[in-house]
Amino acid sequence: QVQLVESGGGLVQAGGSLRLSCAASGIIFSLNGMDWYRQAPGNQRELVASITVIGSTVYTDSVKGRFTISRDNTKNTVYLQMNSLKPEDTAVYYCHTKGLTPTSYGMDYWGKGTLVTVSS
């Protein structure tokens, strides 16, 4: 059973920093690309950052230079370091990956999310 458990959200003032963590189980973590998405109230869920199995990263334009995605395969954990936070970064942040086994190939797996609130 695949489980993704996010942590690290909270309330922070604009300009501050937070580090989100996502602990994965039920997958061979080192073989999975991992993503962070976010969803603000009234908005669609959007991709924030992705990291491949070899550590290549991609970011949405609005977070480039401020957020850093990383992974620790020894801990089955992916991180999102968020600096210079802005009120518009306020959202629920979700960890995501896709299934790779013959029975789960292409299936989307999501965590329950962690709320980040940035006050102005």
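First, a word on what this report is: a plain description of the structure on this page. (Residues numbered from 1 in each chain as written. Predicted model: local features only at pLDDT ≥ 70, side-chain atom pairs only at ≥ 80, totals over all residues. Heavy atoms only, no water.)

### Thoughts on the overall build of the protein chain
Operational definition: Counting from the N terminus, the helices are the DSSP runs of H or I reaching at least four residues and the strands are the DSSP runs of E reaching at least two. For the exposure calls, accessible area comes from a 1.4 Å probe over protein chains only, and a residue counts as buried if that area is under 20% of its type's maximum, exposed if over 50%, partly exposed in between. The contact criterion used throughout is that any non-hydrogen atoms of two residues lie within 4.5 Å. All accessible areas in this document rest on Shrake-Rupley with a 1.4 Å probe, and a residue is counted as covered only by the protein chains that are shown. When charges are counted, neither His nor the chain ends are considered; positive counts come from Lys and Arg and negative counts from Asp and Glu. Charge placement uses NZ in Lys and CZ in Arg. For Asp and Glu, CG and CD serve respectively.
Across its full length, the protein chain carries 0 helices and 11 strands. Starting at the N terminus, the α and β elements of the protein chain follow one another as β-β-β-β-β-β-β-β-β-β-β. Along the longest, intermediate and shortest principal axes, the C-alpha atoms of the protein chain span 45 × 30 × 25 Å. The buried share of the protein chain, reckoned over its 120 residues, is 39%. A separation threshold of at least 6 residues defines the contact pool for the protein chain, and within that pool the share at least 24 residues apart is 53%. Roughly 6,500 Å² of accessible area belongs to the protein chain as shown, and the carbon and sulfur atoms make up 52% of that amount. A gap of 3 Å separates the mean positions of the 10 positive and 8 negative side-chain charges of the protein chain.

### A word on the sheet that holds strand E8 (residues 77-82)
Worth spelling out the cut-off: DSSP-based pairing: two strands are paired if at least 2 bridges between them are found. Structural elements are reduced to axes, namely lines fitted to C-alpha atoms, with helices fitted over the stretch in contact, and the angle between N-to-C directions of any two is expressed from 0 to 180 degrees.
Reading across the sheet, the 4 strands line up as E1-E3-E8-E7 and stay open at both edges, with antiparallel pairing between neighbours. Edge positions in the sheet fall to strand E1 (3-7) and strand E7 (67-72), since each of these pairs with one other strand and no more. Averaged over all neighbouring strand pairs, the angle between strand axes comes to 15 degrees, with direction disregarded.

### Looking at the pairing of strand E4 (residues 34-39)
With 5 of 6 residues buried, E4 lies mostly within the body of the structure. The pairing of E4 with strand E5 (residues 46-51) spans 5 bridges and is classified as antiparallel. Among the inter-strand pairings, Tyr37 is bridged to a residue of E5, identified as Leu47. In this antiparallel pair of consecutive strands, E4 and E5, the connection spans 6 residues, and Gly42 shows a positive phi of 80 degrees. In this sheet, strand E9 (residues 91-98) lies alongside E4 in antiparallel orientation, the contact comprising 5 bridges. Its bridge partner lying in E9, Asp35 is registered against His96.

### A few points about the state of the cysteines
Where we set the bar: Two cysteine sulfur atoms form a disulfide, by the criterion used here, when they sit within 2.5 Å.
Scanning all chains against the criterion turns up 1 disulfide. Across the disulfide from Cys22 sits Cys95; the S-S distance is 2.1 Å. With the S-S dihedral at roughly -85 degrees, the linkage between Cys22 and Cys95 falls on the left-handed side. Of this pair, Cys22 sits in strand E3 (residues 18-25) while Cys95 sits in strand E9; the two residues are 73 residues apart in sequence, bridging distant segments of the chain.

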